[in-house]
Amino acid sequence: MLEPAGETQLMRAYAGRDSGASRTLYERYAPRVYGLGLVMLGDRAASEDLVQDTFVKLWRGAERFDSARGRLDAYVLMVARSLAIDALRRRVTESRSIRRLGTPSEADGSPGPEDLATTGDLAARARRAMARLSAEQRSALELAYFGGRTTAEVAELEGIPLGTAKTRIHAALLRLREAMAETEEVEP
Amino acid sequence: MTCAEVRERLPDHVLAMTPEIEDLEVRRHLRGCAACRAELAALREGVEVFSVAVPPTEPPAELRDRVLDTLEEEWRDARTPSGTSRLRAPWLVAAAASLVLVASVAWGLGQARRADRVQAGAASYERLLSTLGGTEFRVGAVRGVDGHDVRGSVLLYESVWGRSWGAVFLRAPQTADELSATLTGPGGFSLPFEALWTKDGETDGWLVTDADLGSVDLLTIRDASGRTIATARISSA
(Lines give C-alpha, C1' and ligand atoms only; values in the text may rest on other atoms or scores of the structure.)
Protein backbone atom coordinates (compact mmCIF):
# COMPACT_ATOMS: atom_id res chain seq x y z
CA MET A 1 0.00 0.00 0.00
CA LEU A 2 1.32 3.43 -0.90
CA GLU A 3 2.16 6.03 1.68
CA PRO A 4 -0.14 9.09 1.62
CA ALA A 5 2.44 11.15 -0.23
CA GLY A 6 2.77 8.39 -2.80
CA GLU A 7 -0.99 8.31 -3.26
CA THR A 8 -1.07 12.04 -3.87
CA GLN A 9 1.82 11.71 -6.31
CA LEU A 10 0.03 8.91 -8.14
CA MET A 11 -3.12 11.01 -8.49
CA ARG A 12 -1.12 14.00 -9.66
CA ALA A 13 0.44 11.84 -12.34
CA TYR A 14 -3.02 10.55 -13.27
CA ALA A 15 -4.28 14.13 -13.51
CA GLY A 16 -1.35 14.81 -15.82
CA ARG A 17 -2.53 12.02 -18.16
CA ASP A 18 0.28 9.67 -17.28
CA SER A 19 -0.72 6.36 -18.83
CA GLY A 20 1.52 4.51 -16.38
CA ALA A 21 -0.43 6.03 -13.52
CA SER A 22 -3.75 5.04 -15.10
CA ARG A 23 -2.55 1.45 -15.48
CA THR A 24 -1.33 1.38 -11.90
CA LEU A 25 -4.61 2.75 -10.61
CA TYR A 26 -6.58 0.31 -12.71
CA GLU A 27 -4.64 -2.71 -11.53
CA ARG A 28 -4.82 -1.57 -7.95
CA TYR A 29 -8.46 -0.55 -7.75
CA ALA A 30 -10.47 -2.03 -10.62
CA PRO A 31 -11.05 -5.32 -8.73
CA ARG A 32 -12.31 -3.35 -5.74
CA VAL A 33 -14.66 -1.25 -7.82
CA TYR A 34 -15.84 -4.24 -9.81
CA GLY A 35 -16.48 -6.16 -6.59
CA LEU A 36 -18.46 -3.23 -5.21
CA GLY A 37 -20.44 -3.08 -8.44
CA LEU A 38 -21.35 -6.76 -8.23
CA VAL A 39 -22.61 -6.26 -4.68
CA MET A 40 -24.52 -3.04 -5.34
CA LEU A 41 -25.70 -3.49 -8.91
CA GLY A 42 -25.82 -7.24 -9.10
CA ASP A 43 -24.71 -7.84 -12.66
CA ARG A 44 -21.49 -7.92 -14.56
CA ALA A 45 -22.33 -5.51 -17.37
CA ALA A 46 -23.39 -2.79 -14.97
CA SER A 47 -20.30 -3.46 -12.87
CA GLU A 48 -18.06 -3.07 -15.90
CA ASP A 49 -19.73 0.24 -16.70
CA LEU A 50 -19.19 1.24 -13.11
CA VAL A 51 -15.47 0.55 -13.40
CA GLN A 52 -15.22 2.65 -16.56
CA ASP A 53 -17.27 5.52 -15.16
CA THR A 54 -15.32 5.50 -11.93
CA PHE A 55 -11.95 5.83 -13.63
CA VAL A 56 -13.20 8.66 -15.84
CA LYS A 57 -14.63 10.49 -12.86
CA LEU A 58 -11.48 9.89 -10.85
CA TRP A 59 -9.44 11.50 -13.61
CA ARG A 60 -11.74 14.52 -13.80
CA GLY A 61 -11.25 15.13 -10.09
CA ALA A 62 -7.72 13.80 -9.73
CA GLU A 63 -6.16 17.19 -9.06
CA ARG A 64 -8.40 17.67 -6.06
CA PHE A 65 -7.42 14.46 -4.30
CA ASP A 66 -5.72 15.21 -1.01
CA SER A 67 -4.28 12.27 0.92
CA ALA A 68 -4.47 14.35 4.09
CA ARG A 69 -8.26 13.99 3.92
CA GLY A 70 -8.31 10.23 3.60
CA ARG A 71 -6.87 7.14 1.98
CA LEU A 72 -6.96 6.73 -1.75
CA ASP A 73 -8.74 3.38 -1.64
CA ALA A 74 -11.54 4.90 0.44
CA TYR A 75 -11.75 7.81 -1.98
CA VAL A 76 -11.93 5.54 -5.02
CA LEU A 77 -14.65 3.45 -3.41
CA MET A 78 -16.56 6.56 -2.38
CA VAL A 79 -16.57 7.75 -5.98
CA ALA A 80 -17.59 4.29 -7.19
CA ARG A 81 -20.36 4.03 -4.63
CA SER A 82 -21.70 7.43 -5.57
CA LEU A 83 -21.89 6.35 -9.21
CA ALA A 84 -23.46 3.04 -8.26
CA ILE A 85 -26.14 4.84 -6.27
CA ASP A 86 -26.86 6.99 -9.30
CA ALA A 87 -27.22 3.81 -11.35
CA LEU A 88 -29.51 2.31 -8.74
CA ARG A 89 -31.69 5.37 -8.75
CA ARG A 90 -31.88 5.28 -12.51
CA ARG A 91 -33.06 1.75 -12.40
CA VAL A 92 -35.57 2.46 -9.66
CA THR A 93 -35.09 -1.02 -8.30
CA GLU A 94 -35.06 -2.30 -4.81
CA SER A 95 -31.83 -1.99 -2.92
CA ARG A 96 -29.52 -4.92 -2.77
CA SER A 97 -28.19 -6.10 0.52
CA ILE A 98 -24.85 -7.76 0.90
CA ARG A 99 -25.95 -11.02 2.37
CA ARG A 100 -23.19 -12.59 0.32
CA LEU A 101 -20.48 -10.42 1.82
CA GLY A 102 -19.06 -13.21 3.96
CA THR A 103 -19.54 -15.78 1.21
CA PRO A 104 -18.20 -14.41 -2.08
CA SER A 105 -20.29 -15.25 -5.12
CA GLU A 106 -19.15 -17.49 -7.94
CA ALA A 107 -18.20 -14.34 -9.81
CA ASP A 108 -15.60 -13.50 -7.22
CA GLY A 109 -12.11 -14.05 -8.56
CA SER A 110 -8.74 -13.80 -6.95
CA PRO A 111 -7.37 -10.41 -6.02
CA GLY A 112 -4.20 -9.22 -7.71
CA PRO A 113 -0.81 -10.10 -6.27
CA GLU A 114 -0.36 -6.73 -4.59
CA ASP A 115 -3.87 -6.82 -3.18
CA LEU A 116 -3.26 -10.21 -1.63
CA ALA A 117 -0.64 -8.75 0.66
CA THR A 118 -2.37 -5.53 1.55
CA THR A 119 -5.93 -5.12 0.43
CA GLY A 120 -6.79 -8.75 1.05
CA ASP A 121 -5.54 -8.50 4.59
CA LEU A 122 -7.31 -5.19 5.07
CA ALA A 123 -10.55 -6.64 3.70
CA ALA A 124 -10.26 -9.69 5.93
CA ARG A 125 -9.76 -7.51 8.98
CA ALA A 126 -12.63 -5.30 7.95
CA ARG A 127 -14.88 -8.33 7.62
CA ARG A 128 -13.84 -9.50 11.06
CA ALA A 129 -14.69 -6.05 12.35
CA MET A 130 -18.10 -6.33 10.73
CA ALA A 131 -18.74 -9.53 12.62
CA ARG A 132 -18.84 -7.36 15.71
CA LEU A 133 -21.98 -5.62 14.54
CA SER A 134 -25.39 -6.74 15.64
CA ALA A 135 -27.67 -8.07 12.92
CA GLU A 136 -29.80 -4.94 13.18
CA GLN A 137 -26.84 -2.61 12.90
CA ARG A 138 -25.44 -4.50 9.95
CA SER A 139 -28.75 -4.60 8.14
CA ALA A 140 -29.30 -0.85 8.57
CA LEU A 141 -25.77 -0.06 7.43
CA GLU A 142 -26.02 -2.34 4.42
CA LEU A 143 -29.20 -0.70 3.28
CA ALA A 144 -27.68 2.74 3.68
CA TYR A 145 -24.29 2.00 2.14
CA PHE A 146 -25.05 -0.51 -0.59
CA GLY A 147 -28.64 0.42 -1.23
CA GLY A 148 -28.00 4.16 -1.22
CA ARG A 149 -30.87 4.63 1.22
CA THR A 150 -31.30 7.59 3.51
CA THR A 151 -31.84 6.94 7.20
CA ALA A 152 -35.51 7.79 6.67
CA GLU A 153 -35.76 5.13 3.99
CA VAL A 154 -33.90 2.64 6.16
CA ALA A 155 -36.38 3.32 8.94
CA GLU A 156 -39.29 2.70 6.61
CA LEU A 157 -37.81 -0.47 5.13
CA GLU A 158 -36.87 -1.87 8.51
CA GLY A 159 -40.11 -0.78 10.15
CA ILE A 160 -38.34 1.12 12.88
CA PRO A 161 -38.49 4.74 14.11
CA LEU A 162 -36.26 7.22 12.28
CA GLY A 163 -34.27 7.90 15.43
CA THR A 164 -33.58 4.21 15.84
CA ALA A 165 -32.31 3.93 12.26
CA LYS A 166 -29.99 6.87 12.78
CA THR A 167 -28.74 5.48 16.06
CA ARG A 168 -28.09 2.05 14.57
CA ILE A 169 -26.06 3.40 11.67
CA HIS A 170 -24.21 5.84 13.89
CA ALA A 171 -23.35 3.15 16.43
CA ALA A 172 -22.44 0.65 13.72
CA LEU A 173 -19.93 3.00 12.16
CA LEU A 174 -18.31 3.79 15.49
CA ARG A 175 -18.17 0.10 16.39
CA LEU A 176 -16.52 -0.73 13.07
CA ARG A 177 -13.91 1.89 13.70
CA GLU A 178 -13.21 0.58 17.18
CA ALA A 179 -13.13 -3.04 16.06
CA MET A 180 -10.73 -2.22 13.24
CA ALA A 181 -8.45 -0.40 15.65
CA GLU A 182 -8.44 -3.45 17.90
CA THR A 183 -7.47 -5.72 15.02
CA GLU A 184 -4.60 -3.37 14.25
CA GLU A 185 -3.36 -3.70 17.81
CA VAL A 186 -3.57 -7.48 17.67
CA GLU A 187 -2.06 -7.73 14.18
CA PRO A 188 0.43 -4.87 13.76
CA MET B 1 -28.13 24.44 13.13
CA THR B 2 -27.09 23.15 16.56
CA CYS B 3 -24.54 20.45 17.33
CA ALA B 4 -27.34 18.04 18.23
CA GLU B 5 -29.12 18.71 14.94
CA VAL B 6 -25.90 18.28 12.99
CA ARG B 7 -24.94 15.04 14.72
CA GLU B 8 -28.38 13.65 14.01
CA ARG B 9 -27.64 14.26 10.34
CA LEU B 10 -24.06 12.99 10.32
CA PRO B 11 -24.90 9.37 9.39
CA ASP B 12 -26.62 10.56 6.23
CA HIS B 13 -23.92 13.16 5.65
CA VAL B 14 -21.06 10.70 5.92
CA LEU B 15 -22.86 8.31 3.58
CA ALA B 16 -23.50 11.19 1.17
CA MET B 17 -27.25 10.77 1.46
CA THR B 18 -28.15 14.17 2.88
CA PRO B 19 -30.35 16.39 0.71
CA GLU B 20 -28.16 19.09 -0.78
CA ILE B 21 -29.79 21.98 1.04
CA GLU B 22 -29.50 20.28 4.41
CA ASP B 23 -25.96 19.25 3.61
CA LEU B 24 -25.03 22.85 3.00
CA GLU B 25 -26.14 23.70 6.53
CA VAL B 26 -24.24 20.73 7.93
CA ARG B 27 -21.10 21.76 6.08
CA ARG B 28 -21.38 25.30 7.36
CA HIS B 29 -21.68 24.06 10.92
CA LEU B 30 -18.77 21.66 10.52
CA ARG B 31 -16.48 24.41 9.31
CA GLY B 32 -16.80 26.11 12.68
CA CYS B 33 -17.20 23.20 15.11
CA ALA B 34 -14.19 21.03 15.96
CA ALA B 35 -16.22 18.65 18.13
CA CYS B 36 -18.63 17.80 15.32
CA ARG B 37 -15.73 17.48 12.89
CA ALA B 38 -14.14 14.94 15.25
CA GLU B 39 -17.41 13.01 15.36
CA LEU B 40 -17.58 13.09 11.58
CA ALA B 41 -14.01 11.83 11.31
CA ALA B 42 -14.83 8.86 13.55
CA LEU B 43 -17.89 7.98 11.47
CA ARG B 44 -15.89 8.37 8.29
CA GLU B 45 -13.37 5.83 9.54
CA GLY B 46 -16.25 3.44 10.11
CA VAL B 47 -17.42 3.94 6.53
CA GLU B 48 -13.91 3.23 5.28
CA VAL B 49 -13.83 -0.04 7.19
CA PHE B 50 -17.19 -1.00 5.73
CA SER B 51 -16.16 -0.09 2.20
CA VAL B 52 -12.98 -2.17 2.21
CA ALA B 53 -14.85 -5.20 3.48
CA VAL B 54 -16.19 -5.82 -0.02
CA PRO B 55 -14.19 -8.68 -1.57
CA PRO B 56 -12.18 -7.58 -4.62
CA THR B 57 -13.26 -9.36 -7.79
CA GLU B 58 -11.08 -9.55 -10.86
CA PRO B 59 -12.97 -7.94 -13.75
CA PRO B 60 -12.92 -9.46 -17.26
CA ALA B 61 -9.51 -9.02 -18.88
CA GLU B 62 -10.93 -7.09 -21.84
CA LEU B 63 -12.31 -4.40 -19.53
CA ARG B 64 -8.81 -3.13 -18.89
CA ASP B 65 -8.28 -2.09 -22.52
CA ARG B 66 -11.77 -0.62 -22.68
CA VAL B 67 -11.19 1.58 -19.65
CA LEU B 68 -7.69 2.66 -20.68
CA ASP B 69 -8.89 3.44 -24.22
CA THR B 70 -11.75 5.47 -22.78
CA LEU B 71 -9.29 7.46 -20.71
CA GLU B 72 -7.16 8.16 -23.77
CA GLU B 73 -10.27 9.42 -25.53
CA GLU B 74 -11.20 11.55 -22.53
CA TRP B 75 -7.72 13.07 -22.49
CA ARG B 76 -7.84 13.85 -26.19
CA ASP B 77 -11.18 15.59 -25.80
CA ALA B 78 -10.14 17.61 -22.78
CA ARG B 79 -9.40 21.12 -23.94
CA THR B 80 -7.05 22.26 -21.21
CA PRO B 81 -4.97 20.32 -18.70
CA SER B 82 -5.92 22.62 -15.85
CA GLY B 83 -9.59 21.89 -16.14
CA THR B 84 -10.41 25.56 -16.55
CA SER B 85 -12.10 26.55 -19.76
CA ARG B 86 -14.22 29.10 -21.45
CA LEU B 87 -17.81 28.17 -22.15
CA ARG B 88 -17.94 26.68 -25.61
CA ALA B 89 -19.65 23.29 -25.43
CA PRO B 90 -23.46 23.23 -25.70
CA TRP B 91 -23.94 22.09 -22.13
CA LEU B 92 -21.75 24.91 -20.96
CA VAL B 93 -23.88 27.35 -22.86
CA ALA B 94 -26.87 25.87 -21.08
CA ALA B 95 -25.00 26.31 -17.83
CA ALA B 96 -24.36 29.91 -18.75
CA ALA B 97 -28.04 30.43 -19.34
CA SER B 98 -28.70 28.97 -15.91
CA LEU B 99 -26.18 31.34 -14.44
CA VAL B 100 -27.94 34.32 -15.94
CA LEU B 101 -31.11 33.10 -14.32
CA VAL B 102 -29.32 32.62 -11.03
CA ALA B 103 -27.73 36.02 -11.30
CA SER B 104 -31.18 37.49 -11.67
CA VAL B 105 -32.39 35.60 -8.62
CA ALA B 106 -29.37 36.66 -6.61
CA TRP B 107 -29.72 40.26 -7.71
CA GLY B 108 -33.41 40.14 -6.90
CA LEU B 109 -32.64 38.77 -3.48
CA GLY B 110 -30.25 41.60 -2.83
CA GLN B 111 -32.76 44.20 -3.86
CA ALA B 112 -35.82 42.75 -2.20
CA ARG B 113 -37.24 44.63 0.69
CA ARG B 114 -40.51 42.99 1.33
CA ALA B 115 -40.35 39.92 3.53
CA ASP B 116 -42.63 37.83 1.37
CA ARG B 117 -40.53 38.50 -1.67
CA VAL B 118 -37.35 37.51 0.14
CA GLN B 119 -39.02 34.34 1.33
CA ALA B 120 -40.15 33.45 -2.19
CA GLY B 121 -36.70 34.25 -3.54
CA ALA B 122 -35.02 32.08 -0.94
CA ALA B 123 -37.30 29.16 -1.75
CA SER B 124 -36.57 29.62 -5.43
CA TYR B 125 -32.86 29.73 -4.69
CA GLU B 126 -33.01 26.54 -2.67
CA ARG B 127 -34.96 24.73 -5.36
CA LEU B 128 -32.50 25.82 -8.00
CA LEU B 129 -29.48 24.79 -5.96
CA SER B 130 -31.03 21.43 -5.13
CA THR B 131 -31.88 20.78 -8.77
CA LEU B 132 -28.39 21.59 -9.96
CA GLY B 133 -26.76 19.51 -7.27
CA GLY B 134 -24.43 22.27 -6.16
CA THR B 135 -23.11 23.28 -2.79
CA GLU B 136 -23.85 26.98 -2.87
CA PHE B 137 -23.91 30.17 -4.87
CA ARG B 138 -21.73 33.06 -3.83
CA VAL B 139 -22.04 36.58 -5.12
CA GLY B 140 -20.38 39.94 -4.98
CA ALA B 141 -21.10 43.46 -6.20
CA VAL B 142 -18.33 44.98 -8.31
CA ARG B 143 -17.45 48.53 -7.38
CA GLY B 144 -14.93 50.85 -9.01
CA VAL B 145 -11.95 52.05 -7.00
CA ASP B 146 -10.01 55.31 -7.22
CA GLY B 147 -12.86 57.01 -9.05
CA HIS B 148 -13.18 54.45 -11.85
CA ASP B 149 -16.71 54.07 -13.10
CA VAL B 150 -17.08 50.31 -13.01
CA ARG B 151 -20.12 48.44 -11.78
CA GLY B 152 -21.30 44.90 -12.03
CA SER B 153 -21.61 41.60 -10.30
CA VAL B 154 -19.78 38.33 -9.89
CA LEU B 155 -21.40 34.99 -9.31
CA LEU B 156 -19.73 31.76 -8.27
CA TYR B 157 -21.36 28.35 -8.22
CA GLU B 158 -19.75 25.58 -6.20
CA SER B 159 -20.49 22.19 -7.68
CA VAL B 160 -20.19 18.87 -5.90
CA TRP B 161 -19.16 17.30 -9.21
CA GLY B 162 -15.96 19.25 -9.73
CA ARG B 163 -17.51 21.52 -12.36
CA SER B 164 -17.81 24.81 -10.54
CA TRP B 165 -18.69 27.97 -12.46
CA GLY B 166 -17.85 31.61 -12.23
CA ALA B 167 -19.38 34.53 -14.07
CA VAL B 168 -18.63 38.23 -14.06
CA PHE B 169 -20.80 40.96 -15.58
CA LEU B 170 -19.32 44.44 -15.90
CA ARG B 171 -20.39 47.88 -17.03
CA ALA B 172 -17.37 50.12 -17.55
CA PRO B 173 -18.47 53.00 -19.81
CA GLN B 174 -15.13 54.79 -19.59
CA THR B 175 -13.14 51.75 -20.64
CA ALA B 176 -12.60 50.55 -24.17
CA ASP B 177 -9.65 48.28 -23.51
CA GLU B 178 -9.09 44.73 -22.50
CA LEU B 179 -9.78 44.05 -18.83
CA SER B 180 -8.62 41.20 -16.67
CA ALA B 181 -10.58 39.60 -13.85
CA THR B 182 -9.01 37.38 -11.21
CA LEU B 183 -10.55 35.43 -8.36
CA THR B 184 -8.40 35.16 -5.27
CA GLY B 185 -8.63 33.61 -1.83
CA PRO B 186 -6.58 32.77 1.23
CA GLY B 187 -3.36 30.84 0.85
CA GLY B 188 -2.45 32.42 -2.46
CA PHE B 189 -5.34 30.92 -4.40
CA SER B 190 -5.68 32.73 -7.71
CA LEU B 191 -7.83 31.90 -10.71
CA PRO B 192 -8.02 34.27 -13.69
CA PHE B 193 -10.85 34.64 -16.14
CA GLU B 194 -9.81 34.87 -19.74
CA ALA B 195 -9.38 38.42 -21.00
CA LEU B 196 -12.53 40.51 -20.97
CA TRP B 197 -13.09 42.68 -24.05
CA THR B 198 -15.35 45.63 -23.57
CA LYS B 199 -17.95 46.53 -26.17
CA ASP B 200 -20.11 49.62 -25.78
CA GLY B 201 -18.82 49.86 -22.24
CA GLU B 202 -19.95 46.39 -21.24
CA THR B 203 -18.32 43.00 -20.92
CA ASP B 204 -18.76 39.66 -19.29
CA GLY B 205 -16.78 36.51 -18.77
CA TRP B 206 -17.23 32.94 -17.67
CA LEU B 207 -15.14 30.10 -16.43
CA VAL B 208 -15.68 26.50 -15.49
CA THR B 209 -13.20 24.81 -13.21
CA ASP B 210 -12.64 21.78 -11.08
CA ALA B 211 -10.85 23.96 -8.53
CA ASP B 212 -12.49 24.49 -5.14
CA LEU B 213 -14.08 27.95 -5.25
CA GLY B 214 -15.33 27.76 -1.67
CA SER B 215 -12.54 29.90 -0.26
CA VAL B 216 -12.60 32.58 -2.97
CA ASP B 217 -13.47 35.89 -1.38
CA LEU B 218 -12.29 38.58 -3.78
CA LEU B 219 -12.59 39.51 -7.44
CA THR B 220 -10.14 42.02 -8.80
CA ILE B 221 -10.60 43.86 -12.10
CA ARG B 222 -7.53 45.37 -13.73
CA ASP B 223 -7.10 47.45 -16.84
CA ALA B 224 -4.65 46.77 -19.65
CA SER B 225 -1.82 48.42 -17.70
CA GLY B 226 -2.39 46.14 -14.72
CA ARG B 227 -3.92 48.84 -12.57
CA THR B 228 -6.73 47.76 -10.27
CA ILE B 229 -9.90 49.58 -11.29
CA ALA B 230 -12.57 47.64 -9.41
CA THR B 231 -13.04 44.92 -6.82
CA ALA B 232 -15.83 42.80 -5.40
CA ARG B 233 -16.03 41.10 -2.03
CA ILE B 234 -17.60 37.69 -2.50
CA SER B 235 -19.86 36.08 0.06
CA SER B 236 -22.66 33.55 0.26
CA ALA B 237 -25.81 34.47 -1.61
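Please read all numbers here as calculations on a predicted model, not as lab measurements.

**Quick word on the overall build of chain A**
- A count of helical and extended segments in chain A gives nine helices and zero strands.
- In chain A, which comprises 188 residues, the share counted as buried stands at 51%.
- If you take every contact in chain A between residues at least 6 apart in sequence, the share linking residues at least 24 apart comes to 71%.
- Taken as a whole, chain A presents about 8700 Å² of accessible surface, with 50% of it coming from carbon and sulfur.

**Re the packing of helix α7 (residues 135-145) of chain A against helix α8 (residues 151-158) of chain A**
Residue and element names in this part refer to chain A.
- At a closest axis distance of 9 Å, the pairing of α7 and α8 adopts a crossing angle of 125°. The orientation of α7 with respect to α8, classified from their angle, is oblique. Handedness of the crossing formed by α7 with α8: right-handed. Contact with α7, carried on its side by E136, S139, A140, L143 and A144, involves V154, L157 and E158 of α8 and no other residues of that element.
- Of the residues that constitute the contact of α7 with α8, the class distribution is five nonpolar, one polar and two charged.

**Some words on the pattern of salt bridges**
- In the structure shown here, the tally under the stated rule is 14 salt bridges over all chains.
- A salt bridge links R60 of chain A to E74 of chain B, with the nearest nitrogen and oxygen atoms 2.6 Å apart. Pair noted here: R60 of chain A is in helix α3 (residues 44-60) and E74 of chain B is in helix α4 (residues 61-77), and the two residues belong to different chains.
- The exposure class of R60 of chain A is partly exposed, given its relative accessible area of 47%.

**Some thoughts on the interface of chain B and chain A**
- Between chain B and chain A, the contact holds 44 residues from the first and 68 residues from the second.
- Where chain B packs against chain A, one counts seven salt bridges.
- Across the pair R66 of chain B and D49 of chain A runs a salt bridge, and its minimum N-O distance is 2.5 Å.
- In this structure, the connection of chain B to chain A is made through 15 residue pairs in polar contact (both at pLDDT 80 or more).
- Examining the composition of the side of chain B that touches chain A, we find that 11 residues originate from one element, helix α3 (residues 34-52) of chain B, more than from any other.
- Its residues assigned to classes, the side of chain B that touches chain A comprises 25 nonpolar, seven polar and 12 charged.

**A look at the confidence of the model for chain B**
Residue and element names in this part refer to chain B.
- Here chain B averages 78 in pLDDT, and 73% of its residues register 70 or above.
- In this model residues 80-90 is a low-confidence stretch, pLDDT under 50, and it forms 29 contacts with partners more than four residues away in sequence or in other chains.
- This stretch, residues 111-115, has a pLDDT under 50; its non-local contacts, to residues over four places away or in other chains, come to two contacts.
- Confidence metrics for the complex model read pTM 0.56 and ipTM 0.74.

**Side note on the confidence of the model for chain A**
- When pLDDT is averaged along chain A, the result is 80, and 79% of the positions lie at 70 or above.
- Mean pLDDT in chain A bottoms out at helix α5 (residues 113-117) of chain A, which sits at 45, and peaks at α3 of chain A, which reaches 93.

**Quick notes on the nonpolar core**
- Y14 and F55 of chain A are the most contacted members of the largest nonpolar core, which totals 79 residues.
- Counting residues per element, this core draws most heavily on helix α2 (residues 19-41) of chain A, at 12 residues.
- Split by domain, this core shows at least three residues from each of two domains, domain 1 (4-101) and domain 2 (111-181) of chain A.
- Ignoring any residue separated from it by four or fewer positions in sequence, one finds F55 of chain A in contact with Y14, L25, Y26, Y29 and A30 of chain A together with V67 and L71 of chain B.
- One finds V142, V168, A172 and L196 of chain B within the second-largest nonpolar core, a separate group that totals 22 residues.

**Section: the state of the cysteines**
All names here are of chain B.
- Under the counting rule described, the total for this entry stands at zero disulfides over all chains.
- Left unpaired, C3 is separated from the closest cysteine sulfur, that of C33, by 3.7 Å.
- Residue class for C3 comes out partly exposed when judged on its relative accessible area of 34%.
- C33 carries a free sulfur, and the closest cysteine sulfur to it, the one in C36, is 3.6 Å from it.

**What about the packing of α2 of chain A against α4 of chain B?**
- Where α2 of chain A meets α4 of chain B, the closest approach of the two axes is 11 Å, and the angle between their N-to-C directions is 140°. If you check the angle between α2 of chain A and α4 of chain B, you find them oblique. Taken as a pair, α2 of chain A and α4 of chain B cross one another with a handedness that is right-handed. Facing S19, S22, R23, Y26 and E27 of chain A of α2 of chain A, the residues of α4 of chain B in contact are L63, R64, V67, L68, L71, E72 and W75 of chain B.
- The residue inventory of the contact of α2 of chain A with α4 of chain B, partitioned by class, reads six nonpolar, two polar and four charged.

What counts as what
- Residues numbered from 1 in each chain as written.
- Chains lettered and ligands numbered in written order.
- Predicted model: local features only at pLDDT ≥ 70, side-chain atom pairs only at ≥ 80, totals over all residues.
- Heavy atoms only, no water.
- Helix = DSSP H or I, 4+ residues; strand = E, 2+ residues; numbered from the N terminus.
- Buried < 20%, exposed > 50% of the residue type's maximum accessible area, 1.4 Å probe, protein only.
- Contact = heavy atoms within 4.5 Å.
- Areas by Shrake-Rupley, 256 points an atom, 1.4 Å probe, with all protein chains shown as cover.
- Axes fitted to C-alpha atoms, helices over the stretch in contact; angles between N-to-C directions.
- Parallel < 35°, antiparallel > 145°, perpendicular 65-115°, else oblique.
- Left-handed = near helix turned anticlockwise from the far one by under 90°.
- Nonpolar A, V, L, I, M, F, W, Y, C, P; charged D, E, K, R; others polar.
- Salt bridge = Lys/Arg side-chain N within 4 Å of Asp/Glu carboxyl O.
- Polar contact = N/O pair within 3.5 Å; in protein donor to acceptor, adjacent residues only side chain to side chain.
- pLDDT = per-residue confidence, 0-100.
- Core = buried A, V, L, I, M, F, W, Y, C linked by side-chain atoms within 4.5 Å.
- Domains from an automatic or database assignment.
- Disulfide = S-S within 2.5 Å.

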